[in-house]
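Structure at a glance
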Amino acid sequence: MDQTESYPVKLYIYDMSRGMARQLSPLMLGRQLDGIWHTAIVVHGKEFFFVGEGINNCPPGSTPLGQPDSVVDLGSTEVSAELFMVYLMSLADSTYGRDKYNLFEHNCNTFSNEVAQFLTGKKIPSYITDLPSEVLSTPFGQALRPLLDSMVINPGGSNITGQR
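A quick note: this is a predicted structure, and the numbers were derived from the prediction, not measured.

Attention now goes to the overall build of the protein chain. Per the secondary structure count, the protein chain includes 6 helices and 6 strands. Helices and strands appear in the protein chain in the N-to-C order β-α-β-β-β-β-α-α-α-α-α-β. Counting over 164 residues, the protein chain shows a buried share of 45%. At a minimum sequence separation of 6, the contacts of the protein chain that also span at least 24 residues come to 73%. Accessible surface, the protein chain: about 8,500 Å² in total, of which carbon and sulfur atoms supply 54%.

Shown next as structure tokens:
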């Protein structure tokens, strides 16, 4: 009987506001937000995330964001590094190309959620994936949407396709 290797899968969670969302959201939105979340999947010794340039990777915790604010253990996967890269390249060619990023509807958290399900069958926490609809459900969020729609988050790393 063949032994299948298993690889740990982690979700790195960063607060892009560095704590400011917690302080200012009650005044601006009329409700408490604990953070403005950027997420990445860590597997096979690398951190993978989606930004305006497409799918990027770097050594875990080495983006300009520094160390993650929290880490969620998503379990493990039997997907090899080679197969995972084939999967990511197919995503980069279709769903997560450099022109597909949208801050509210198709962002790093959308990517992390899809990749987590591919690797482990688990979704990322809903407080992260529900954040855009929470913000947009407020009058202030609706007023800011045109400005925020033009924003692209890019915490660094190397694009997996080798393009910039």
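Turning next to unusual backbone geometry. The phi dihedral of Arg18 falls on the positive side, at around 55°, and the residue is not glycine. Residue position: Arg18 is located in the loop between strand E1 (7-15) and helix H1 (20-29). Although it is not a glycine, His44 adopts a positive phi angle of roughly 55°. On the secondary structure map, His44 appears in the loop between strand E2 (37-43) and strand E3 (46-51).

Bringing the nonpolar core into the picture now. Of all hydrophobic cores here, the largest spans 31 residues; its most connected members are Ile41, Phe84, Leu88, Phe111 and Val115. In terms of residues, this core owes the most to one element, helix H2 (residues 81-93), which gives 5 residues. Phe84 has contacts with Val43, His44, Phe48, Val79, Val115, Phe118 and Leu119, leaving out every residue within four places of it along the chain.

The final tally for this structure, using the stated rule, is 9 aromatic pairs. The interplanar angle of 45° and the centroid separation of 5.5 Å between the aromatic rings of Phe50 and Tyr101 together place this pair among those described as tilted. One end of the pair, Phe50, is in strand E3; the other, Tyr101, is in the loop between H2 and helix H3 (108-120), and 51 residues separate them in sequence. Here Phe50 and Tyr101 have matching classes, each one buried. With a centroid separation of 6.4 Å and an interplanar angle of 35°, the aromatic rings of Phe50 and Phe111 are classed as tilted. Of this pair, Phe50 sits in strand E3 while Phe111 sits in helix H3, and the two are 61 residues apart along the sequence. With a relative accessible area of 0%, Phe50 lands in the buried category. An aromatic cluster is defined as three or more aromatic residues linked by ring pairs; in this entry it consists of Phe48, Phe84, Tyr87 and Phe118.

What follows concerns a nonpolar patch on the surface. Together, Met20, Leu24, Leu27, Met28 and Phe140 line one region of the surface with nonpolar side chains, adding up to about 470 Å² of accessible area. Of the residues forming the nonpolar patch, the biggest block, 4 residues, is contributed by H1. Along the chain, the position of Leu27 falls in helix H1.

One pass over the full model with this rule turns up 2 salt bridges. In this structure, the salt-bridge partner of Lys10 is Asp73, at a minimum N-O distance of 3.6 Å. Pair noted here: Lys10 is in strand E1 and Asp73 is in strand E5 (residues 70-77), with a separation of 63 residues, a long-range link. The partner of Asp34 in a salt bridge is Arg22, with the nearest N and O atoms 3.8 Å apart. In this pair, Asp34 is assigned in the loop between H1 and E2 and Arg22 in helix H1, connecting sequence segments 12 residues apart. For Asp34, a relative accessible area of 43% translates into the label partly exposed.

Cut-offs and rules
- Residues numbered from 1 in each chain as written.
- Predicted model: local features only at pLDDT ≥ 70, side-chain atom pairs only at ≥ 80, totals over all residues.
- Heavy atoms only, no water.
- Helix = DSSP H or I, 4+ residues; strand = E, 2+ residues; numbered from the N terminus.
- Buried < 20%, exposed > 50% of the residue type's maximum accessible area, 1.4 Å probe, protein only.
- Contact = heavy atoms within 4.5 Å.
- Areas by Shrake-Rupley, 256 points an atom, 1.4 Å probe, with all protein chains shown as cover.
- Core = buried A, V, L, I, M, F, W, Y, C linked by side-chain atoms within 4.5 Å.
- Phe/Tyr/Trp six-rings, centres within 6.5 Å; stacked < 30°, edge-to-face > 60°.
- Patch = residues over 30% accessible without salt bridge, like charges linked within 9 Å, V, L, I, M, F, W, Y side chains within 5 Å.
- Salt bridge = Lys/Arg side-chain N within 4 Å of Asp/Glu carboxyl O.

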